[in-house]
Number of protein chains: 2
Amino acid sequence: MAGFALFGVVVGILGVLYAVYLARWVLRQNPGNEKMQFISQAIATGARAYLFRQYRTLAALLTVLAVLILLAIDLPRGTYGLTMLGFVIGALGSMLAGYLGMYVTTRSASRVAQAAATGGMGKALAVSWRAGAVMGLSLAGIALLLISGFYLVFKAVTHDWAVPLVALGFGASLVTLFMRVGGGIYTKAADLGADLVGKVEAGIPEDDPRNPGVIADNVGDNVGDVAGMAADVYESYIVTVTAAIFLAAILGLPAQYIEMIILFATLALVATFVGVNLLKTSGVKHPLSSISMAIYATIALSVVLFFIGSFLLGLEPWRALALAAATSLGALVAPVIVKITDYYTSYNYGPVRRIAEQAKISPATVIITGYGVGLMSAIPIIAVIAAVLGVSYAIGFYAVPVTAFGDYSKYLAGIFGTAMASVGLLVVAGIIITADSYGPVSDNANGVVEMAGLPENVREVTDVLDSVGNTTKATTKGYAIASAALAALVLFIALIFEIVDVAAAAAIKGKDKLNILDNSLKALQVINPSVLIGALIGVSLVYFFTSRTLEAVGRTAMEIVEEIRRQFREKPGILEWKEQPDYARVVDIATRRALGEFLVPGLAAIIVPLLAGLVLGWNALAGLIMGAIVAGVPRALLMANAGGAWDNAKKYVELQGLKKTDMHKAAVIGDTVGDPFKDTSGPSLNPLIKVLNTLSVVFAYAIVFTNIALGIYPFGLFPA
Amino acid sequence: MAGFALFGVVVGILGVLYAVYLARWVLRQNPGNEKMQFISQAIATGARAYLFRQYRTLAALLTVLAVLILLAIDLPRGTYGLTMLGFVIGALGSMLAGYLGMYVTTRSASRVAQAAATGGMGKALAVSWRAGAVMGLSLAGIALLLISGFYLVFKAVTHDWAVPLVALGFGASLVTLFMRVGGGIYTKAADLGADLVGKVEAGIPEDDPRNPGVIADNVGDNVGDVAGMAADVYESYIVTVTAAIFLAAILGLPAQYIEMIILFATLALVATFVGVNLLKTSGVKHPLSSISMAIYATIALSVVLFFIGSFLLGLEPWRALALAAATSLGALVAPVIVKITDYYTSYNYGPVRRIAEQAKISPATVIITGYGVGLMSAIPIIAVIAAVLGVSYAIGFYAVPVTAFGDYSKYLAGIFGTAMASVGLLVVAGIIITADSYGPVSDNANGVVEMAGLPENVREVTDVLDSVGNTTKATTKGYAIASAALAALVLFIALIFEIVDVAAAAAIKGKDKLNILDNSLKALQVINPSVLIGALIGVSLVYFFTSRTLEAVGRTAMEIVEEIRRQFREKPGILEWKEQPDYARVVDIATRRALGEFLVPGLAAIIVPLLAGLVLGWNALAGLIMGAIVAGVPRALLMANAGGAWDNAKKYVELQGLKKTDMHKAAVIGDTVGDPFKDTSGPSLNPLIKVLNTLSVVFAYAIVFTNIALGIYPFGLFPA
């Protein structure tokens, strides 16, 4: 019955090969004139330098953690270093994903610009879309390959293969967390600094080559939005799918259920092969509707394949149908979330126009109203998450046969339905990344067009592509957060049963597993003080994270502003095109500061939950995770959507021809506040929540044994 | 053993009489010249008109709820309408508190202004402090009188007296919620509108009589900051003390424990009688340190009285000592929280200076950094709350004898320790309200001085008083939120046992109480989907509330801005002192809009939890409350402290003589964003959380019976 896992390996490899084929096609395109190539090159060099320094900084930390995992988990468990291996490979995968994203985008930018110059919209769209597809297919392919390959290998080596599989997710989310924080600080500080002096003070346009911060700004797009988002989606994929597999394993479900998870993921990638080819490019005026059609077609095809595939597993037909339905629910919810996000962040609807309207009054009311819109936007998405949780739970409750946990089995059976829904939501990731990666490619192309001084009509083409890219970028965030929320809930519940499993293995006080489970769940009631204190710590961690990242952007931007002001002051010839600005110094400041700022929040995400679990007790840790989910998911939505809404409110004011008015200035201030909201703090909450979850699963063994040694298992510091 | 409750009644009455005595003293002071009296009169008239319209609007809703409580709770329970009575009296108490606050403040303002003109700082401080003490003593006195009086009466009438006592809290918090929302929208919209056109566009100073919005702005201070804060502290007092009594009753503790709660509250009021007289006024340069000394002395005296009083109850000495210690812990934490808040919101420390520094760069970075400071400020306060919870829980766990709930008794015993800590935190409320009410009195006096055109040296005196008032106002908020958090946690746990009590009374399936409890607690594990869905709804409710109130301020301010601009445009003589502005129209717009905006969020706070409890199940309701606490408490801290920090960052810039620079403009924008954060949305989260809690206790009976009828007790929609 390992057939479907092998199928996953094969399709994963095919995905990578397909991506290579598309990449070669993109690279064969005309890279434009020498100036365009020079600019692309400068950006690529800066981005590569930053990424490598970031990876070097991380290497020491990852080594320490790998050794810790080996000593504290693999050795006592007897898992032959597999947990460490999973962690390391998962981490390397995130680094690779980030690097790939950066590589493809920077190589494509000048080619898209050239395509816009020579072939117009149709050609430019084709090139940028295929560049996006390189990302979508390679990331989904690599993730699928790793998961199904490791599943096969780990399972062959030990019966204790499930935790090492989650370690894959831990490595992936940890590196992603650091990339999101570091890249996010870099990109927004550079953007802010370049804009504040360039656009606001010197009155030169965005991406103007006279601005000493322009290269840093473009490097930032690549290390933040591109490398960060690539790592994020890769990590979400890994964590979601491994969480579902882990849950099935904990549950003691027959192998078919695990095969089903891999099969559905594989089928979705097959559907993506088709979907990326469905984009209509020639004669297109509105690329967004073309892109939406390609996404809808992929989802529809996936759903059909789920239902067909479910019959290949040898399950009772009604169970197969029910679980295919739960998975499809997740897949179908993706466009709903995209639509909701679009409503709150696009200037075609009321909310963004209300914000723009307030720009007539003052920047302050723009901020107040935009913040209000962001808060409100979280509600329908949370409602969708709650509804998916409820419905998929009910499906799982009735459709999954359960034996391993006696009376409590139904909890797990229900949440397995939710796990399938989260897999459904995630497996359309390939096409969503394609659409999302296309955004930064267009953005970069736009920058190249401006810096290389290409004619206005070329700029018009790349402007349209860029603005569509902004929309796909904004909506992808809502989607990514929702899928993270479901995956986190699944892992959260699985964690608790892993804890019980470990405790049962420790055979405390000679009790049997169900007895231990019963006691452990008593320690998990919401009125337990350890749980409450843990929840307060979890919320605090989310606040700490958000605060540190926001203030880091402010601090770094301040240094950059001072450097750019200094250059303009000391070399007045720059603005008259007579002197060359010193791009490298700004790049250097951004790099140094971003790497200086990203360690503290990242370390907090590791140390706080570990300490809480070891010292306050495992149930305090469970409370911590719950607090982080409950506080973090809505906050991530708030920050992403408020940021998107402010951005588009500014665009709406510009569209009305009101540039350079007070109203426009007010809208620009809103947009500037929104930048670190949507591109630094908001996106780092996603991997934060998953680091907490996966870290807890990986270290559950050490935590439980320490708790037992301290005499605080299962009730924590407060006996009951 | 009803002796201490009688003692409470007597001291409560003494408190009110003492307040009357002080009020007469204040009213005997010189009210100033005719112009000053005229201005005071105009403000008082506008404020009274708004409050009465607000109360009329609420009357219908309260009547409906009162009838509902009578029919759904009192009749089936056989509690002779006492629950309804408690609700109505609690609600009327909040209205009275609000009215009193407004009355005292508006009457005192011109007298403080006159005192500053004739007697300088010492005299002005004495008058404003005593005006504050009128509030502090009367509110604490009335609250203590109501609680101890009702306890005596209810207990004499029925053994089922505990829920009616909580209904007192429900009425109080519900009316406070509406007052906070309505008054908060009024005050900040008027403030924003008046400032944006007056200060920013027309360049006239704050409180300038040429500004058509100036009376509305000052009315707003009285209906928002004054009436709202008065109702808020009154409500916190009632809810905290009744929650502790309710818990003791649910727990089946001997009567001494209930007497102890009332005794400690009474002793604290006695300490307050002494404390308000300890303020040094003559020759004072820095009123803040005088005020702090009076507060510290009151706390120290209270703590001494707790330990002495604890021996009067006839408990075993070690239990008495332990519970006095838990109560003192709460009292001693108050100044710690005040200090933390001060650190994050005063310009004497790093955080506010960092914000001011960012004003050199842009308004956007002021917002970003200030928001970051607000987030960070929540963390130490939450840590204090968590620490108090942990320590007081441990004390209660060992010190309280428990029998009523068998194995589970320890949960309640522990939380009773926390209940005593929350009582300790709250009983210093009298002196804290005194210090807090003194703020708006000084603020109003400052307005009178400006509008009446009194000389510069008078303004200097009231300016100092006003700025100290801003500090006491900001720090009081942190204190109020922390005490609300502890009270909410206590009520949350008590609620769950009330649910079980009701279910046991319904004798479902012939099971005994412990059996029901066991099953009910199973439905409360954090991994239960109903609990998780409830938590998501709770967070959403907090977001909905915040969003609606923020946007309401933006919308209302926009209308006011347009009206003021219209008046300046149509009557150009206003700015040259030749024409009279139409104050009444602005007052009317603010009143109409505030009352139009306050219904939807207020109704949501009633309908959403009721529906969730009735239809999704009581455990979803428990999840909802937990979600609202976990999301709401840190958010309230964030909004209050970010607002305070922005305000003082602006003041810091002004102190450096940088008024009218770009840097000052940037700081003003931060202050303006902070206004509705700290005075509208933030403060309304406090009563919101308590409405959810008290409403659930009051309606627990109807919820459990409906759940049983629907077949969803105890597991909600998801059977286990």
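It should be noted that the structure appears before, not after, this text.
Residues numbered from 1 in each chain as written. Chains lettered and ligands numbered in written order. Predicted model: local features only at pLDDT ≥ 70, side-chain atom pairs only at ≥ 80, totals over all residues. Heavy atoms only, no water.

**So, helix α4 (residues 162–202) of chain A**
Over its 41 residues, α4 of chain A runs 58 Å from end to end, which matches the ideal 60 Å to within 8%, given 1.5 Å per residue. Roughly 30 degrees is the biggest bend found in α4 of chain A, and it falls at Asp 195 of chain A. (Helix = DSSP H or I, 4+ residues; strand = E, 2+ residues; numbered from the N terminus. Expected span 1.5 Å × (residues − 1). Bend = angle between axes of the 7 residues up to and from the residue.)

**Description of the pattern of salt bridges**
Under the defined criterion, the tally for this structure stands at 68 salt bridges over all chains. Its salt-bridge partner being Lys 199 of chain A, residue Asp 195 of chain A comes within 3.8 Å of it at the nearest N-O pair. With a gap of four residues between them, Asp 195 of chain A and Lys 199 of chain A both fall in helix α4, about one helical turn apart. Residue Asp 195 of chain A is classed as buried on the basis of its relative accessible area, which comes to 17%. Glu 551 of chain B is paired through a salt bridge with Arg 354 of chain A; the nearest N and O atoms lie 2.8 Å apart. Linking Glu 551 of chain B in helix α15 (residues 529–570) with Arg 354 of chain A in helix α9 (residues 350–358), this pair reaches from one chain into another. (Salt bridge = Lys/Arg side-chain N within 4 Å of Asp/Glu carboxyl O. Buried < 20%, exposed > 50% of the residue type's maximum accessible area, 1.4 Å probe, protein only.)

**Digging into the interface of chain A and chain B**
The interface is formed by 79 residues belonging to chain A together with 79 residues belonging to chain B. Three residues stand out in chain A for area buried against chain B, namely Ile 368, Ile 527 and Tyr 543 of chain A, and they jointly supply 10% of the buried area on that side. Our count for the chain A to chain B interface comes out at two salt bridges. The interface formed by chain A and chain B holds 14 residue pairs in polar contact (both at pLDDT 80 or more) in total. Within the residue set of the side of chain A that touches chain B, elements represented by two or more residues are α4, α9, α10 (363–399), α13 (456–506), α14 (513–522), α15 (529–570), α18 (618–655) and α19 (662–710) of chain A. When residues of the side of chain A that touches chain B are assigned to their parent elements, the largest contribution, 22 residues, is made by α10 of chain A. Class assignment for the residues of the side of chain A that touches chain B results in 55 nonpolar, 14 polar and ten charged. (Contact = heavy atoms within 4.5 Å. Buried area = accessible area lost by both parts, 1.4 Å probe. Polar contact = N/O pair within 3.5 Å; in protein donor to acceptor, adjacent residues only side chain to side chain. Nonpolar A, V, L, I, M, F, W, Y, C, P; charged D, E, K, R; others polar.)

**Re a nonpolar patch on the surface**
Together, Val 10, Ile 13, Leu 14 and Leu 17 of chain A make up a nonpolar patch on the protein surface, roughly 340 Å² of accessible area in all. Of the residues examined, Val 10 of chain A reaches a relative accessible area of 46% and is grouped as partly exposed. (Patch = residues over 30% accessible without salt bridge, like charges linked within 9 Å, V, L, I, M, F, W, Y side chains within 5 Å. Areas by Shrake-Rupley, 256 points an atom, 1.4 Å probe, with all protein chains shown as cover.)

**Observations regarding the packing of helix α5 (residues 214–251) of chain A against α13 of chain A**
All names here are of chain A. As a packed pair, α5 and α13 sit with axes 9 Å apart at the nearest point and diverge in direction by 35 degrees. As for the relative orientation of α5 and α13, their crossing is left-handed in sense. Only Lys 473, Thr 476, Lys 477, Ala 487, Val 490, Leu 491, Ala 494, Phe 497, Glu 498 and Asp 501 of α13 make contact with α5, whose side of the interface consists of Asp 225, Met 229, Val 239, Thr 240, Ala 243, Phe 246, Leu 247 and Ile 250. Here the contact of α5 with α13 is composed, by residue class, of eleven nonpolar, two polar and five charged. (Axes fitted to C-alpha atoms, helices over the stretch in contact; angles between N-to-C directions. Left-handed = near helix turned anticlockwise from the far one by under 90°.)

Read these as layout, nothing more, since geometry by itself doesn't imply function.
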